[in-house]
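Residue-level structure breakdown
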Amino acid sequence: MQPSIRQTAEQFYKILTGEIDYSPVVMQFFKSAGSVAAYKHDDSEQKKVLNAIRAIPEIQKHCQQWLTLTDQKHTDPDLLAEQFIANIVSSVQEDRLISEYRNICGQHIRTAGRWNDYRFCRPNKKVGWTLQMTVKGSGRYNCVRSVIDTEPRDILLFAPDAYLDNYRHPDCEQWQVTWLLFREDYRVNDLLDWPEVASGIYRLKAGTGDQLSALENIAADLMKADVADTTKAIRIRATMVEHFLLRCTDLIPETFSSEKDHRVIKAMAFMEENLNSSFTLEQVAAEACLSPSRFSALFRENCGTGPMQWREEKRITRACHKLANSHTMIAAIAAELGYADQVTFSRNFRKYMEMTPSQYRKRFNKRFNEQ
């Protein structure tokens, strides 16, 4: 029998305060977050991860709040438990704290109304690549450029510096995802050339059930593989990851080419270097030695979006990094990224991220001291 939301919150509290050293529910969360330690039978690695999490000031604060609020009879216990778990999950999603990218694979299932139905967001640069394949149900990804709703057989690939933000689709009761975490190396470099749907985000679709089954079988073998961090075990898992990615190359459309026109590359470099400056489409087109109309068409053909929208995606993504990892005031971030004022920045940010800059910082920057 699945534990209730209240029972789950109590297990989180006990393991985070050191009252107990093991909880199946909490280990399930570590697995879904990509922690190798959660797969090991030796609990020394699990305790190492737990001790690091217990030491986070934000975790200590949430545990104290839980203890205080549970004594108040007027508080809805289920709502309180749900909020407590959401706060804990948000506090430990720092990529380098839990997730490891030593060629591992797992599954997570998000079910409406259950404790694991949380939003998974990692705005920071990650150690390695992330691949997520929808097996059942539907997920929703905020890719900055657009929102992508997945179906079974959809596969999304995220580069280390890509924005990673997903949750169960509101119209779907359950979303099951198979994921791979791996580091780029010479064996797979040429297998990551997929159609790009946003900055550092790539997408393929298994066209048939047989193709999906083949990928699921490889993933199942990888999930059963030895998770030791020895050179031999890591290499065995790397071979399985390579096999999975090789299978994915069969899904790449024959008409697809990732090679970009040298003029577009030059314009992209110009915009990257001048994100904090004010420039026009005509100025960027001049860098490419093209007319504005011809340049816009060529850029869209190569990148899937217009040049000025591409620039805006870069600015918003960079703003996410700054909001999540610094104490820089929002007005200063707006100025640094070339916005005329904070109001314009906030309006554009909300358009892409579905929340204001201050709401985003409050949610994802746990080290920011808000007064």
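Higher on the page you've got the structure.
Residues numbered from 1 in each chain as written. Predicted model: local features only at pLDDT ≥ 70, side-chain atom pairs only at ≥ 80, totals over all residues. Heavy atoms only, no water.

Comments concerning the nonpolar core
Membership of the largest hydrophobic core comes to 42 residues, with the highest contact counts inside it found for F12, F29 and F30. When residues of this core are traced back to their parent elements, those giving at least two are α1 (5-16), α2 (24-32), α3 (43-54), α4 (57-69), α5 (77-91), β6 (154-158) and β8 (174-182). Not counting chain neighbours up to four residues away, the residues in contact with F30 comprise S35, A38, V49, L50, I53 and I98. One finds V135, L157, L192 and W194 within the second-largest nonpolar core, a separate group that totals 27 residues. (Core = buried A, V, L, I, M, F, W, Y, C linked by side-chain atoms within 4.5 Å. Buried < 20%, exposed > 50% of the residue type's maximum accessible area, 1.4 Å probe, protein only. Helix = DSSP H or I, 4+ residues; strand = E, 2+ residues; numbered from the N terminus. Contact = heavy atoms within 4.5 Å.)

Here we look at the pairing of strand β3 (residues 129-136)
Among the eight residues that make up β3, seven are buried, leaving the element largely enclosed by the rest of the structure. Pairing analysis gives seven bridges linking β3 to β8, with the strands arranged antiparallel. Counted as the bridge partner of Q132 is W179 from β8. Where β3 meets β6, four bridges bridge the pair, whose relative direction is antiparallel. For Q132, the partnering residue across the bridge sits in β6 and is L156. (Pairing = 2+ DSSP bridges.)

Things to note about the pattern of salt bridges
Side chains that carry opposite charge are capable of pairing whenever their charged atoms lie near each other. In the structure shown here, the tally under the stated rule is 19 salt bridges. In this structure, E58 and K61 form a salt bridge, with 3.0 Å as the shortest nitrogen-oxygen distance. Residue E58 and its partner K61 are both found in helix α4; the two are separated by three residues, about one turn of the helix. Overall, the relative accessible area of 40% leaves K61 in the partly exposed class. If you follow the salt bridges from partner to partner, you end up with E151, D154, R203 and K205 in one network. (Salt bridge = Lys/Arg side-chain N within 4 Å of Asp/Glu carboxyl O.)

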